[in-house]
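Spelled out, the chains give:
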Amino acid sequence: MKISALIPTYNRRTQVMVAIDSVYSQTVPVDEIIVVDDGSTDGTVESICNRYGSSVRLFTQKNAGCAAARNRGIREAQGEWIAFLDSDDVWFPTKIERQIEALTSLEGEFGACFTDIYFGGDPDKRLTAFQDACFEGGRGLRVLENPTKYIVAKREPFFTPSLLIRRAHFAEIGDFDETQFIRSDTDLFFRLSLRARFCFVGEPLAQADRTPSRSLGICNAYAMRDDRVFDCLERMYSKWLAMPEVAGTVYERPIRELLREAYFNSVECKLHQRRIRQALREISRLKAIEDGYGSIASKLLLRKIHKLRQKIGDWEHRGRGKLKSPILISPK
């Protein structure tokens, strides 16, 4: 197996060094390390050249986003398999060794292999990826049956830094969607899940950075309820529904529900921000998959009531937590 490690990076001069070193620390070495610098301005390129020289295949491009950087790396890769690693994440030493073991010892041909991962940098994130997804796949080397159902349920146990993907599949399913501001990896995993078999190693062999203070535009966009988030989700789910592999299958209904949820969230956000014209435009799009304006208004009201009840419950819970124990006064 010839394996290419692919690391996209942008203004992470210090972190990318740690990521590259974790690839070099593998008990079974990869055949090449590809780093695609997505227009960094912090001296990332110079630092990589000074430290690693020609042992790292370094490509540079104008800032175009992580999906574009990954696609550039895929085009440049010479390996039969591509192992993805984000520049702020790391692999543990036996990751590649254990994945090769899974791919060669399990019966059948696979298109992807993943592992469990830890989340670092945030003390509140104590669960591994498998635990967070309520994935009970077990330890050892195993086959993941029907990976598509986990993605549709938004409970996929695999993350980009743990994935090893057969490069030939990109010719069949296409590259990462560069128009996706978010979830370009999820979109690719979904398309891949319809064409390839997945296997996994049931132990954490990578760590993803989830430091709350790190500067990351995507997280800020989620927090600020950026319109680009809703637009990307709506476009992604609509694209999935248009795929012939989805039409008439068990996946069609849950994906339609995901699209409906994205529309409703977008409408509620715009109404809350008093952007009435944009909200009405979104409602007109929602009508295409709803029973009519009456149904939309009714569901918006029910969703509002549900959220108010949740808030009241939270207030009551916090209030009970603040109540002090009664003071006992002993008689003189």
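See the structure above.
The structure contained in this document is the topic of the report that follows.

About the cut-offs
- Residue indices follow the written sequence of each chain, beginning from 1 at its first position.
- Per-residue local features are limited, in this predicted model, to residues with pLDDT of at least 70; the limit for side-chain atom pairs, both in listing and counting, is 80 or more; totals at the level of whole chains, interfaces and linings are taken over all residues.
- To get the side-chain values, all heavy atoms of the structure are used, and hydrogens and water are removed first.
- Note on geometry: axes are lines fitted to C-alpha atoms, helical ones only across the stretch in contact, with angles between N-to-C directions running from 0 to 180 degrees.
- Counting from the N terminus, the helices are the DSSP runs of H or I reaching at least four residues and the strands are the DSSP runs of E reaching at least two.
- By the definition adopted for this analysis, an angle is roughly parallel if under 35 degrees, roughly antiparallel if over 145, roughly perpendicular if from 65 to 115, and oblique otherwise.
- Note on contacts: a residue pair is in contact if any heavy atoms of the two residues lie within 4.5 Å.
- Basically, the charged four are Asp, Glu, Lys and Arg, the nonpolar ten are Ala, Val, Leu, Ile, Met, Phe, Trp, Tyr, Cys and Pro, and anything else, Gly included, counts as polar.
- Burial status follows relative accessibility: with a 1.4 Å probe on protein chains alone, a residue under 20% of its type maximum counts as buried, one over 50% as exposed, and anything between as partly exposed.
- Any two strands with at least two DSSP-identified bridges between them are counted as paired.
- By convention, a crossover is right-handed whenever its connection, traced from the first strand over the helix to the second and viewed with the strands pointing away, goes clockwise.
- Pairs were defined over the aromatic rings of Phe, Tyr and Trp, the Trp ring being its six-membered one, requiring ring centres within 6.5 Å. Orientation was assigned from the angle between planes: stacked under 30 degrees, edge-to-face over 60, tilted for the rest.
- Any Lys NZ or Arg CZ found within 6 Å of a ring centre and within 35 degrees of that ring's normal is scored as a charge over the ring.
- By convention in these notes, a salt bridge is any Lys or Arg side-chain nitrogen within 4 Å of a carboxyl oxygen on Asp or Glu.

1. Digging into the packing of helix H8 (residues 184-193) against helix H10 (residues 227-241)
Where H8 meets H10, the axes come as close as 11 Å, and the angle between the chain directions of the two elements is 10°. Comparing the axis directions of H8 and H10 gives the class roughly parallel. Counted together, Thr-186, Asp-187, Phe-190 and Arg-191 of H8 and Met-236, Lys-239 and Trp-240 of H10 form the full contact between these two elements. Of the residues contributing to the contact of H8 with H10, the split by class is three nonpolar, one polar and three charged.

2. Quick notes on the pairing of strand S2 (residues 32-37)
Counting buried positions along S2 yields six of six residues, so the element is predominantly enclosed. Burial along S2 is two-sided: Glu-32, Ile-34 and Val-36 facing one way and Ile-33, Val-35 and Asp-37 facing the other are all buried. Bridge count between strand S1 (residues 3-9) and S2: six bridges; the pairing is parallel. The residue bridging Thr-9 from the neighbouring strand is Asp-37, located in S2. Across four bridges, S2 lies against strand S3 (residues 57-60) in parallel orientation. In the sheet register, Val-35 faces S3, and the bridge partner there is Leu-58. Following the backbone out of S2, through helix H2 (residues 44-52) and into the adjacent parallel S3, one traces a crossover that is right-handed.

3. So, the packing of aromatic side chains
Going through the model one piece at a time under the given rule, you end up with 16 aromatic pairs. Ring geometry for Phe-84 against Phe-170: centres 6.3 Å apart, planes inclined by 65°, an arrangement best described as edge-to-face. Of this pair, Phe-84 sits in strand S4 (residues 81-84) while Phe-170 is found in helix H7 (residues 169-173), placing the two residues 86 residues apart along the sequence. With 5.1 Å between their ring centres and 65° between their planes, Phe-114 and Phe-158 make a pair best called edge-to-face. Here the residue Phe-114 occupies a position in strand S6 (residues 112-120), and Phe-158 occupies one in the loop between helix H6 (147-152) and strand S8 (164-166), the gap between them amounting to 44 residues. Since its relative accessible area comes to 2%, Phe-158 is described here as buried. By way of ring pairs, the aromatic residues Phe-114, Phe-130, Phe-135, Tyr-150, Phe-158, Phe-189, Phe-198 and Phe-200 are connected into one cluster. Looking at Lys-95, its charged tip hangs above the ring of Trp-91, at a distance of 4.4 Å from the centre. Here Lys-287 stacks its cationic end above the ring of Tyr-293, 5.5 Å away from the centre of that ring.

4. Some remarks on the pattern of salt bridges
Overall, the coordinates contain 22 salt bridges when judged by the stated rule. Ionic pairing is found between Lys-239 and Asp-187, a salt bridge with its closest N-O pair at 2.9 Å. On the criterion of sequence distance, the pair formed by Lys-239 in helix H10 and Asp-187 in helix H8 is long-range, its members being 52 residues apart. On the basis of relative accessible area, Lys-239 is assigned to the partly exposed category, the value being 29%. For Asp-187, a relative accessible area of 0% gives the class buried.

5. Some remarks on unusual backbone geometry
A positive phi angle, close to 50°, is found at Asn-11, a residue other than glycine. The residue Asn-11 is located in the loop between S1 and helix H1 (13-24) in this model. One non-glycine residue, Arg-274, adopts positive backbone phi at about 60°. Among the structural elements, Arg-274 can be located in the loop between helix H11 (252-272) and helix H12 (276-286). Judged by relative accessible area, which is 71%, Arg-274 ranks as exposed.

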